Amino acid sequence: MNQIKILIEELNTLPQGSISEKKIKGKTYFYHQFKQNGKLVSKYLKQPEVEELRRLIARRKEIEEEIKKIKFSGRNLKKPTKRSRELTGDLMMEDEVVASFENGVLNYIDEQKCPLLINRTGNIYSFLATRAIDRDRTHSRLLKKYLNVIEEDDAMVSIYSYGATITDNYWFKAKGSKLKYKDIAFEFDYYSDLVLKGDVAYIPKYPKYSPQLTLTGSYEKCWKLIDGSWYLYKQGNDNEIFSELVCSKIADLLGIPTAEYEYDDGFIRTRNIAEEYNLEPVSSIAGEDDSFGNVFNAIHEISDKIAVEYLRLILFDFIVYNVDRHNENCGLFRDKQSGKIIGLAPNYDNNIALLSGTSNLKFNAKHDGLASYLKKFLHDCPEAAVLLKEVKFNELRAEDIQKVFDSIVIKRDEELIKTYILDRYNYICNLLYN
């Protein structure tokens with residue numbers, strides 16, 4: 001847990017022991033007493049040293065109490081009840097029932113408010129399974145080991161956290177349960193260092209309820225709670241981190257809503273983009289088929305405006321050569337109370353772009369396969385070709401891209417990458433405006 005780690009790091013800088021006093025011939029002498037190699041050591045203190053040492057020892061006691069409090073705070077992880085395993089109960093949006101199930105069979109639904117996947121399929125099992133931590137992540141297996149979660153079934157893994165996630169307010173409430181949303185909302189980032197980098201130094205003695213069990217995706221990652229806000233941390237090599245940083249800043253320059261990424265001690269991080277909304281993946285409405293045509297048509301049924309936002313996103317992906325846009329890293333925002341679809345979620349997850357996506361940054365934009373795929377989509381989908389006229393980008397200049405590079409700690413061949421991005425940007429501008 002990140003908070004415990006920070007406290008322990010401070011604790012290790014503070015002196016141990018206590019201050020004792022001795023009166024000799026009416027005069028008071030002070031000594032710092034502490035154990036060293038199993039033996040009690042007593043060190044004489046000069047008068048100016050006493051108050052500062054007293055303050056540091058008091059701070060050490062405060063931290064020790066704080067660590068103890070954190071370790072015993074939060075809920076212990078509980079095994080799913082029989083009703084939970086049977087998938088008999090209610091799917092909740094905070095404390096409102098939006099769907100009900102008996103042995104996994106849907107018998108009530110609020111179509112306006114329930115998750116889009118439930119609307120499309122009526123399948124609570126699939127919904128819960130999509131919310132489980134990726135079983136193929138090395139640290140996922142380590143987390144399950146320390147939590148004593150021996151389940152192989154993804155739906156049952158997510159049930160340990162009531163199917164709740166950081167990025168929306170849906171959860172599963174078993175029949176007969178008296179729990180409220182406040183009882184299952186996440187309050188601590190237990191196991192953050194374990195699932196990010198395999199660090200088991202700061203884990204609680206007893207298994208704790210944690211948001212890490214419902215953090216999806218194939219990369220090692222974690223949720224960390226910092227100053228009251230949740231941040232997503234993710235591993236990556238230098239090319240992947242460079243791509244994530246550059247792409248988010250280029251998207252911002254182009255006027256595309258985007259998650260803001262930062263470099264932090266060898267990892268990439270971004271603040272939870274769904275603090276104000278429910279985030280649902282496009283797979284909820286489009287299934288696993290992530291072809292441009294299938295996703296566009298699914299979104300277009302909802303709104304012309306959101307369809308234009310999707311076109312802007314895939315054109316941006318062309319500019320930065322993001323070949324990893326799929327239906328789990330493209331999402332929709334919904335109002336947390338009414339369920340209304342607000343729009344496309346900001347751009348996120350661009351670590352497989354630029355140098356991570358290709359080693360040939362000298363390739364002309366109009367000759368690559370992504371350009372052909374894009375043109376075929378527009379040819380085969382006249383509705384998209386019409387809405388393409390509404391897509392707008394801000395002007396992108398070489399000096400602006402250079403400022404992006406200057407702001408990033410990881411360095412690559414800046415002139416080569418700048419030329420590559422501008423060539424692809426100009427190709428898209430020609431497609432849009434000529």
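Keep in mind that what you see is a predicted model, and the values were worked out from it rather than measured. (Residues numbered from 1 in each chain as written. Predicted model: local features only at pLDDT ≥ 70, side-chain atom pairs only at ≥ 80, totals over all residues. Heavy atoms only, no water.)

Enquirer: Looking at this structure, how should I read unusual backbone geometry?
Expert: For residues that are not glycine, phi is negative in most cases, and the peptide bond is trans in most cases. With a phi angle near 60 degrees, Leu87 is a residue other than glycine that sits in the positive phi range. Note on placement: Leu87 falls in the loop between α3 (82–85) and β4 (89–93). Its identity is not glycine, yet Asn103 carries a phi of approximately 50 degrees, on the positive side. (Helix = DSSP H or I, 4+ residues; strand = E, 2+ residues; numbered from the N terminus.)

Enquirer: Explain the pattern of salt bridges to me, please; I cannot follow it from the model alone.
Expert: If charged atoms from side chains of opposite charge come close, those side chains can pair. The tally for this structure, following the rule as stated, stands at 25 salt bridges. Measuring nitrogen to oxygen at the nearest pair gives 3.8 Å for the salt bridge that ties Arg137 to Glu220. Highlighted residues: Arg137 in the loop between α5 (124–129) and α6 (138–147) and Glu220 in the loop between α9 (192–197) and β8 (221–226), separated in sequence by 83 residues. Neither Arg137 nor Glu220 differs from the other in exposure class; each is buried. Its salt-bridge partner being Arg397, residue Glu399 comes within 3.6 Å of it at the nearest N-O pair. By relative accessible area, which is 42% here, Glu399 ends up partly exposed. On the basis of relative accessible area, Arg397 is assigned to the partly exposed category, the value being 36%. Connected through shared salt-bridge partners, Glu10, Arg59 and Glu62 make up one network. (Salt bridge = Lys/Arg side-chain N within 4 Å of Asp/Glu carboxyl O. Buried < 20%, exposed > 50% of the residue type's maximum accessible area, 1.4 Å probe, protein only.)

Enquirer: Help me understand the environment of Phe377 in this model?
Expert: Mapped onto the elements of the fold, Phe377 is located in helix α14 (residues 369–380). For the pair Phe377 and Ile285, spaced 92 residues apart in sequence, the C-alpha to C-alpha distance is 19 Å.

Enquirer: Please clarify how helix α13 (residues 304–319) should be interpreted in this entry.
Expert: Think of an α-helix as 3.6 residues a turn; residues three or four steps apart then line up on the same face. The first and last C-alpha atoms of α13 sit 23 Å apart over 16 residues, in line with the 22 Å expected at 1.5 Å per residue. Along α13, 13 of the 16 residues are buried, which leaves the element largely enclosed by surrounding structure. Measuring from the backbone nitrogen of Lys305 back to the side-chain oxygen at the start of α13 gives 3.0 Å, which picks out Ser303 as the cap. Remark: Tyr321 follows α13 within two positions and exhibits a positive phi of approximately 50 degrees. (Expected span 1.5 Å × (residues − 1). Polar contact = N/O pair within 3.5 Å; in protein donor to acceptor, adjacent residues only side chain to side chain.)

Enquirer: Can you help me understand the nonpolar core in this one?
Expert: Among soluble globular proteins, nonpolar side chains are generally buried collectively. Counting residues in each nonpolar core, the largest one holds 71 residues, and the members touching the most others are Val246, Ile250, Leu254, Phe296, Tyr310, Phe377 and Ile428. At the level of elements, α10 (238–254), α12 (292–300), α13, β13 (331–335), α14, α15 (382–387), α16 (398–406) and α17 (414–433) are the ones that each hand at least two residues to this core. Residue contributions to this core peak at eleven residues, all from α13. Setting aside anything within four residues of it in sequence, one finds Phe377 in contact with Phe292, Gly293, Phe296, Leu311, Ile314 and Ala384. (Core = buried A, V, L, I, M, F, W, Y, C linked by side-chain atoms within 4.5 Å. Contact = heavy atoms within 4.5 Å.)

Enquirer: I keep staring at the packing of α12 against α13 and nothing clicks. Help me out?
Expert: When two helices pack together, their arrangement is given by the angle between the helix axes and by the axis-to-axis distance. For the pair α12 and α13, interaxial distance at closest approach is 8 Å and the crossing angle is 155 degrees. Taken together, α12 and α13 sit at an angle that is classed as roughly antiparallel. Facing α12, whose interface residues are Phe292, Val295, Phe296, Ile299 and His300, α13 presents Asp304, Ile306, Ala307, Tyr310, Leu311 and Ile314. Of the residues in the contact of α12 with α13, the class split is nine nonpolar, one polar and one charged. (Axes fitted to C-alpha atoms, helices over the stretch in contact; angles between N-to-C directions. Parallel < 35°, antiparallel > 145°, perpendicular 65-115°, else oblique. Nonpolar A, V, L, I, M, F, W, Y, C, P; charged D, E, K, R; others polar.)

Enquirer: I'm lost on the environment of Leu354 in this one. Help?
Expert: When you line up the elements, Leu354 lands in the loop between β14 (341–344) and α14. Looking at Leu354, the relative accessible area reads 0%, which means it is buried. Spatially, the C-alpha atoms of Leu354 and Ile133 are 27 Å apart, while their sequence positions differ by 221 residues. With near-sequence residues (within four places) excluded, Leu354 lies in contact with Ser243, Val246, Cys247, Val320, Tyr321, Leu361, Ile417, Tyr420 and Ile421.

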